[in-house]
Amino acid sequence: MAPAIMLAADAPKLSSANTGFMLIASALVLLMTPGLAFFYGGMVRVKSTLNMLMMSFISMGIVTILWVLYGFSMSFGTDHGSLIGWTSDFVGWTGIGKMDLWPGYTIPVFVFAVFQMMFAIITPALISGALADRVKFSAWAVFLVLWVTIVYFPVAHWVWGTGGWAYELGVIDFAGGTAVHINAGAAALGVILVIGKRVGFKKDPMRPHSLPLVMLGAGLLWFGWFGFNAGSWLGNDDGVGPLMFVNTQIATAAAMLAWLGYEKIRHGACTTLGAASGAVAGLVAITPSGGAVTSLGAIAVGAIAGVACAAAVGLKFRFGYDDSLDVVGVHMVGGIIGSLLIGFFASGKGQSTATGVFYGDHSFTQLWKQCAGVGGVLAYSLIVSAVLAFLLDKTIGMRISQDEEVSGIDRAEHAESAYDYSGAGGGVLGSALSAAAGASGGKQPENQGDKKSGKQTKKVDA
């Protein structure tokens with residue numbers, strides 16, 4: 001039978017509403033990377049703050065250029081062997097017209113391309129949290145180039161590109177549980193197994209230097225995540241995008257409360273760091289599943305992820321891998337949980353008719369598909385990332401020297417400090433703080449206490 005001919009009147013037309021919505025969603029996803037920088041920047045010690053910020057910000061520069069040159073083509077071009085894409089018109093975006101629509105949708109190709117660019121930017125930035133305090137900035141930049149080229153671009157094609165093996169298998173990943181979070185978390189684990197632990201790991205206190213900065217970053221991530229998740233449906237014509245928006249909020253709230261409940265039972269206190277981390281765990285877990293589950297399912301996904309990720313962050317002390325800011329415990333574990341729970345909680349009334357075990361799929365069909373997607377991405381990213389780190393470590397070197405790590409990576413790699421105590425105040429106090437800060441390499445002097453009361457305060461670890 002001859003193929004049906006699509007008349008011009010039947011072809012999708014540009015929707016100004018969907019196009020505008022997707023541009024806003026793209027901006028929200030980009031906002032997540034500075035939000036991540038603040039989130040990570042507050043969690044490290046004073047002497048590593050700027051380096052942590054820069055590891056995220058440099059991704060916005062490097063990945064943007066690579067995405068335009070060849071990344072978009074590798075990820076969303078014509079399929080080749082179910083492993084990689086390639087379309088010459090997408091190389092340098094030279095063959096894309098401003099009114100060309102993404103096939104099957106009502107938004108321009110440019111809008112789809114820039115939306116996906118923001119995903120490509122934040123994914124490697126997530127890895128940086130596991131490497132805090134000890135990686136050369138130049139080595140990180142080279143790793144970024146290699147990793148997005150060899151790992152992220154192909155994996156994005158597997159999961160979201162027409163013809164990719166996971167896409168064709170029917171693996172459900174609404175907005176990046178496998179392609180973003182498992183991918184980044186597994187990569188982080190692979191790299192830290194190669195480069196080793198920080199000086200003083202499990203011996204010295206390595207407390208967050210600014211919990212308000214952490215909470216600010218978490219708030220920006222939560223806000224931007226609505227664009228990350230709801231925007232991934234590429235429009236709002238059938239109600240799936242709004243469903244994802246709602247489930248994002250529900251699961252995040254449930255995860256935050258579950259993490260705090262776990263903390264209260266296990267450690268006797270509900271911490272601000274726990275609230276921020278719990279919210280991020282919920283955002284991670286609902287990312288792949290939010291378009292497939294009901295609102296009650298979103299509560300379950302969030303609550304399970306909150307408890308599981310809170311427990312998982314302690315595994316680094318048991319097994320001895322130095323995941324500085326819990327990228328493995330939150331992003332890899334959260335991504336695995338969110339992806340696998342689709343096999344249990346998919347209702348068949350959201351993004352597709354696929355159902356989970358609790359909704360009639362007693363043959364575990366969707367669950368096995370999810371396992372295949374999780375296992376394939378995790379193994380590939382872990383192995384290739386470890387190999388890349390090993391090669392870089394043996395050539396240009398991945399780590400700064402031990403002396404530089406102890407004195408502070410900000411000074412060693414960026415010739416700056418996050419906080420300038422010379423402006424702390426005028427008169428004798430300001431001069432004293434300035435002199436002390438200069439003598440200690442930027443550290444704030446120890447509080448000598450209130451002479452009248454005789455009280456002493458502990459020195460804050462920097």
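Residues numbered from 1 in each chain as written. Predicted model: local features only at pLDDT ≥ 70, side-chain atom pairs only at ≥ 80, totals over all residues. Heavy atoms only, no water.

(A) How the structure looks around the overall build of the chain. For the chain, the count of helices and strands is 16 helices and 2 strands. Restricting the contact set of the chain to residue pairs at least 6 apart, pairs at least 24 apart contribute 74%. Per element, the accessible surface of the chain, about 19300 Å² overall, is 66% carbon and sulfur. (Helix = DSSP H or I, 4+ residues; strand = E, 2+ residues; numbered from the N terminus. Contact = heavy atoms within 4.5 Å. Areas by Shrake-Rupley, 256 points an atom, 1.4 Å probe, with all protein chains shown as cover.)

(B) Region of interest: the pattern of salt bridges. Tallying each qualifying case throughout the model produces 6 salt bridges. Between R198 and D133 there is a salt bridge, and its shortest N-O distance comes to 3.3 Å. Placement of R198 in the loop between helix 6 (177-195) and helix 7 (211-230) and of D133 in the loop between helix 3 (109-127) and helix 4 (137-160) is noted, with a sequence separation of 65 residues between them. Per residue, the accessibility class of R198 equals that of D133, and both read buried. Here D322 makes a salt bridge to R134, at a shortest N to O gap of 4.0 Å. Residue D322 is located in the loop between helix 11 (315-319) and helix 12 (327-345), and its partner R134 is located in the loop between helix 3 and helix 4; the two are separated by 188 residues in the primary sequence. We note that D322, like R134, is buried. (Salt bridge = Lys/Arg side-chain N within 4 Å of Asp/Glu carboxyl O. Buried < 20%, exposed > 50% of the residue type's maximum accessible area, 1.4 Å probe, protein only.)

(C) A look at a nonpolar patch on the surface. Taken together, V142, L146, I150 and I396 make up a surface patch of nonpolar side chains, about 270 Å² in accessible area. Here L146 lies in helix 4. (Patch = residues over 30% accessible without salt bridge, like charges linked within 9 Å, V, L, I, M, F, W, Y side chains within 5 Å.)

(D) Looking closely at the environment of Y152. With respect to the helices and strands, the residue Y152 is situated in helix 4. Look at Y152 and you get buried, because its relative accessible area is 0%. Separated by 29 residues in the primary sequence, Y152 and T123 place their C-alpha atoms 8.0 Å from one another. For Y152, the residues in contact, after removing those within four places along its chain, are W67, F119, A120, T123, W147, W160, A179 and N183.

(E) Up close: the packing of helix 8 (residues 240-267) against helix 10 (residues 295-312). Relative orientation of the contacting elements helix 8 and helix 10 amounts to 35 degrees, with a least axis distance of 7 Å. The two elements helix 8 and helix 10 meet at a crossing, and its hand is right-handed. Residues V246, N247, I250, A251, A254, A255, A258, W259 and Y262 of helix 8 form the contact with helix 10, whose own contacting residues are S295, A298, I299, G302, A303, G306, V307, C309, A310 and A311. (Axes fitted to C-alpha atoms, helices over the stretch in contact; angles between N-to-C directions. Left-handed = near helix turned anticlockwise from the far one by under 90°.)

(F) Highlighting the packing of helix 3 against helix 6. Across the interface, helix 3 lies against helix 6 with an axial gap of 8 Å and an inter-helix angle of 30 degrees. By the angle between their axes, helix 3 is roughly parallel relative to helix 6. The crossing of helix 3 and helix 6 is right-handed. Together, F119, T123, L126 and I127 of helix 3 and A179, V180, H181, A184, A187 and A188 of helix 6 make up the contact between the two elements. Taken together, the residues of the contact of helix 3 with helix 6 break down into 8 nonpolar, 2 polar and no charged. (Parallel < 35°, antiparallel > 145°, perpendicular 65-115°, else oblique. Nonpolar A, V, L, I, M, F, W, Y, C, P; charged D, E, K, R; others polar.)

(G) Looking closely at the nonpolar core. Among the nonpolar cores identified, the biggest contains 120 residues, and F72, L131 and Y152 are the most heavily contacted of them. For this core, the leading source of residues is helix 4, giving 16 residues. Leave out the neighbours within four places in its chain, and F72 touches W67, G77, F90, W93, I96, W102, V109, F112 and A113. (Core = buried A, V, L, I, M, F, W, Y, C linked by side-chain atoms within 4.5 Å.)

(H) Summary view of helix 12. Across its 19 residues, helix 12 extends 25 Å between first and last C-alpha, which sits within 8% of the 27 Å expected from 1.5 Å per residue. Summarising burial for helix 12: 17 of the 19 residues are buried, a large majority. (Expected span 1.5 Å × (residues − 1).)

(I) Spatial organisation of the environment of T19. Its location among the elements puts T19 in helix 1 (residues 16-43). Residues T19 and V111, 92 residues apart in the sequence, show an inter-C-alpha distance of 7.1 Å. Discounting chain neighbours no more than four positions away, the residues touching T19 are L14, T106, I107, P108 and V111. Only 2.7 Å separates the side chain of T19 from the backbone oxygen of S15, close enough to count as a polar contact. (Polar contact = N/O pair within 3.5 Å; in protein donor to acceptor, adjacent residues only side chain to side chain.)

(J) Seen up close, the packing of aromatic side chains. Per the counting criterion, the structure on display carries 28 aromatic pairs. For the ring pair F72 and W102, a centre distance of 5.9 Å and an interplane angle of 45 degrees mean the geometry is tilted. You can see F72 sitting in helix 2 (residues 49-76) and its partner W102 sitting in the loop between strand 2 (84-85) and helix 3, a full 30 residues away along the chain. The two residues F72 and W102 agree in class, both being buried. When the ring of W140 is compared with that of F143, the centres are 5.9 Å apart and the planes differ by 25 degrees; the resulting orientation is stacked. Of the two residues, W140 and F143 both sit in helix 4, 3 residues apart, roughly one turn of that helix. Pair check on accessibility: W140 and F143 agree, each one buried. Members of the aromatic cluster, connected to one another through ring pairs, are W67, Y70, F72, F76, F90, W93, W102, F110, F112, Y152 and F153. (Phe/Tyr/Trp six-rings, centres within 6.5 Å; stacked < 30°, edge-to-face > 60°.)

(K) Geometry of the side chain of D410. Along the chain, D410 turns up in helix 15 (residues 409-414). Of note is the side chain of D410, whose polar atom sits 3.1 Å from the backbone nitrogen of T49. Not counting the four nearest positions on each side in its chain, D410 is found in contact with V46, K47, S48, T49, L50, N51, A415, E416 and A418.

(L) Highlighting the confidence of the model for the chain. Mean pLDDT for the chain: 91, with 89% of residues reaching 70 or above. Contacts for the low-pLDDT stretch residues 1-8, under 50 throughout, to residues beyond four places or in other chains number 2 contacts. Within the model, pLDDT remains below 50 along residues 426-462, and this stretch shows 33 contacts once partners closer than five positions in the same chain are excluded. (pLDDT = per-residue confidence, 0-100.)

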